[in-house]
Every structure is written in structure tokens, then in C-alpha cells.
Amino acid sequence: METKKINLDTNCPNTWCPGCGDFGILMAFKQAVTSMIESGTPKENIVITGDIGCSSKIADYLGLNSFIGLHGRSISLAEGIKMGNPDLKVFAFLGDGGCLDEGISHLIHAAKRNTDITVIMHNNRLFALTTGQFTAVTPKGLKTRSTPSGSIEEPLNPLELLIASNASFIARAYSSRIEDVKNLVLEGAEHKGFSFIEILQPCVSFYNTIEFYNERVYYSQNPNLESKESALKLAREWNYNGEGRIPLGVMYKTDRPVFESETLSLVPRKEDFEKCLKTHS
Ligand SMILES: Cc1ncc(C[n+]2csc(CCOP(=O)(O)OP(=O)(O)O)c2C)c(N)n1
Ligand code: SF4
């Protein structure tokens, strides 16, 4: 039997800077989606959301159902879509700015609720589309367009925040390691509940971290995936500032009730609803 070739391309011209880490994420995501479709997930059941940023332009380059919203709102859009149709596989794309500055409350609450979506945060550690201003994860001392004398703030550690917010799947990847990104996307999508994948992504135009990451990243899966203590230990190995090694891989994974299933189980069945109406009429 002839197999139909899966085409995820679009006609949209790509405007990312040559060498941007976003290309690696796009390639890995296409491979992951191709594998999902080949394993039986209907293409029309895969939905992506985005906001405003270089990262969210990924939706323009993927021939999939998508919804682009305001900056920082990719996660809330994904939650709404999933609640409307729990059969869908929903991926929320956004940058560190949209995720940890404008949209940080959505991130925390989606993790706390355990909504069954996969958040993919392109972490270039600044607001790239607007030409490089500091975000919550910009290293201390970095000179950006909005911190000309160097940022005076300590960066936030998003993985520690996710552990504290009770996210049920937390992982870190690096955009140049395409096979690992693909596998983590598949693992995150397979997970029942909220999955968060941070992808370290060099912005070659405003903060070129290629050499920095190449020298420091290493794969280190948490040996005790359900232990928050060992997840925290891994998450704290790198403080988003300077030196030290940077662990990649799944840091935390646990099973707990999923928000959509819990909520929908509270909705009365039609027969019960009609019985109730009869009783009270
Ligand atoms: C509420 C709001 N704040 C700020 C902006 C301006 N703005 C648009 S894109 C952007 C930068 C996006 O940075 P990030 O989310 O980190 O994604 P990246 O471009 O780095 O991939 C900013 C600040 C906006 N559109 N809306
Ligand atoms: S500005 Fe940075 S993040 Fe945006 S496309 Fe260029 S290299 Fe990539």
C-alpha cells in the first residue's frame, strides 16, 4: 500500500535570522508531529497556539491548525481549546518574555490545574522580536537595549517555579540537539497532564549563546522522576547567570488528575439534567 507523504510546509516566507535556534526547534517539532501522525493521531487533531514573538512565528511555518493571540496569551488560548475539545493535542508555543513576563500568571495556573497541554518555551533569554530587551531570565549584568548598563536583577529560575507550581512534567532541551528536542516533544505530548518543555535557543542577533551552550549542556535525566527534591537539585545546577554545567532532559514527571477530565465529570449528563427538571417542575 502506498503511504501518503506528510507535508507540514506552508507558503509563508521564513523571516528568522539565518542561524537562529528557532530553526532547530521547527525541524524537531516537524519530526515529532510526523511521528505522531504516522502513529495514528489525525493531523487535524493537532493544534498549536502562539503569541507575538520570533518564537510564535513557528505557527506560520507549520501546516497545522493554529491560533495566534496577544503577547503572553498562548497558554490561555491552548487551555481554552483543550477544554472545548479534549480530544485535541494542543501545543502552546511562546518565548521566555511571553511566558515569564506578560503571561507568567497563565503559566502558573495552567501548571497548578494540570491542564493537558504541552507548553514549548523558546528561551533566548530576552525579548527578541522587539530587538532585545531584558526579560525575567536575562542574566545579571547583560547589556540589552533596555539595560544599557547591564541588568541589575538576578534571573528567575523557571524550572524551580514550575516545580513549585506543581507542573506534572518538566523538561529542558537545547535547540541544536534536534533528536533530543523531538523526543522530549513526543514525551511531553504523550504525558497526561501539563507538560512544560524549556528549549534553550540562541538568538544570534541579540544574544548569541551558541558557544556558551555548546560548552556547558549535558544530558542528565533525573533518576527519581517523581522526587521534587532531586528535580530541584537538577534545576538549581544552573542559575541562568554565568558558569556551571547545564543539565538537559526530563527533570520531573508524575501522574495526577487532569483538569479537563475532572471538570467535565462535574457536568450533569443529559438524562440526569432532564430528571432534575421534571422533579422540580
Ligand atoms: C502586552 C504586550 N507587551 C509587549 C508587547 C511588545 N512585544 C511584542 S513581541 C515582544 C517580544 C517577544 O519576546 P518573547 O516573548 O521572549 O519572544 P521572542 O521574540 O524572544 O521569541 C514584545 C515585547 C506586546 N505586543 N504586548
Ligand atoms: S531576532 Fe533572534 S530570536 Fe529573532 S529570528 Fe533573529 S536570531 Fe532568532
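Notes on the structure in this doc start here. (Residues numbered from 1 in each chain as written. Chains lettered and ligands numbered in written order. Predicted model: local features only at pLDDT ≥ 70, side-chain atom pairs only at ≥ 80, totals over all residues. Heavy atoms only, no water.)

So, about the side chain of Thr254. Within the fold, Thr254 resides in the loop between β8 (246-253) and α9 (259-264). The exposure class of Thr254 is buried, given its relative accessible area of 13%. Looking at Thr254, its side chain comes within polar contact range of the side chain of Glu226, at 2.5 Å. With near-sequence residues (within four places) excluded, Thr254 lies in contact with Ser168, His191 and Glu226. (Helix = DSSP H or I, 4+ residues; strand = E, 2+ residues; numbered from the N terminus. Buried < 20%, exposed > 50% of the residue type's maximum accessible area, 1.4 Å probe, protein only. Polar contact = N/O pair within 3.5 Å; in protein donor to acceptor, adjacent residues only side chain to side chain. Contact = heavy atoms within 4.5 Å.)

Another aspect to go through is helix α1 (residues 22-38). In this model α1 runs 24 Å from its N-terminal to its C-terminal C-alpha over 17 residues, within 8% of the 24 Å that 1.5 Å per residue would give. Within the sequence span of α1, burial applies to Asp22, Gly24, Ile25, Leu26, Ala28, Phe29, Ala32, Val33, Met36 and Ile37. The secondary structure elements touched by the buried residues of α1 are β1 (46-50), β3 (89-95), β4 (118-123), α6 (178-190) and β6 (195-200). Gly40, located one to two residues past α1, shows a positive phi value of around 115°. (Expected span 1.5 Å × (residues − 1).)

This next bit is on the packing of helix α2 (residues 74-84) against helix α4 (residues 104-113). Geometry of a packed helix pair, given as the angle between the helix axes and the separation of the axes. At their nearest, the axes of α2 and α4 sit 8 Å apart, and the two run at 35° to each other. Read as a crossing pair, α2 and α4 show a hand that is left-handed. Residue-level inspection shows Ile75, Ser76 and Glu79 of α2 in contact with α4, the latter providing His106, Leu107, Ala110 and Arg113. (Axes fitted to C-alpha atoms, helices over the stretch in contact; angles between N-to-C directions. Left-handed = near helix turned anticlockwise from the far one by under 90°.)

Right, let's talk about the pattern of salt bridges for a bit. Here the idea is simple: oppositely charged side chains can pair when their charged atoms come close. Counted according to the given criterion, the structure contains 9 salt bridges. Among the salt bridges present, the one from Lys140 reaches Glu154, with a minimum N-O distance of 3.7 Å. In this pair, Lys140 sits in the loop between β4 and α5 (158-164) while Glu154 sits in the loop between β4 and α5, placing the two residues 14 residues apart along the sequence. Look at Lys140 and you get partly exposed, because its relative accessible area is 46%. Classification of Glu154 by relative accessible area gives exposed; the value is 52%. (Salt bridge = Lys/Arg side-chain N within 4 Å of Asp/Glu carboxyl O.)

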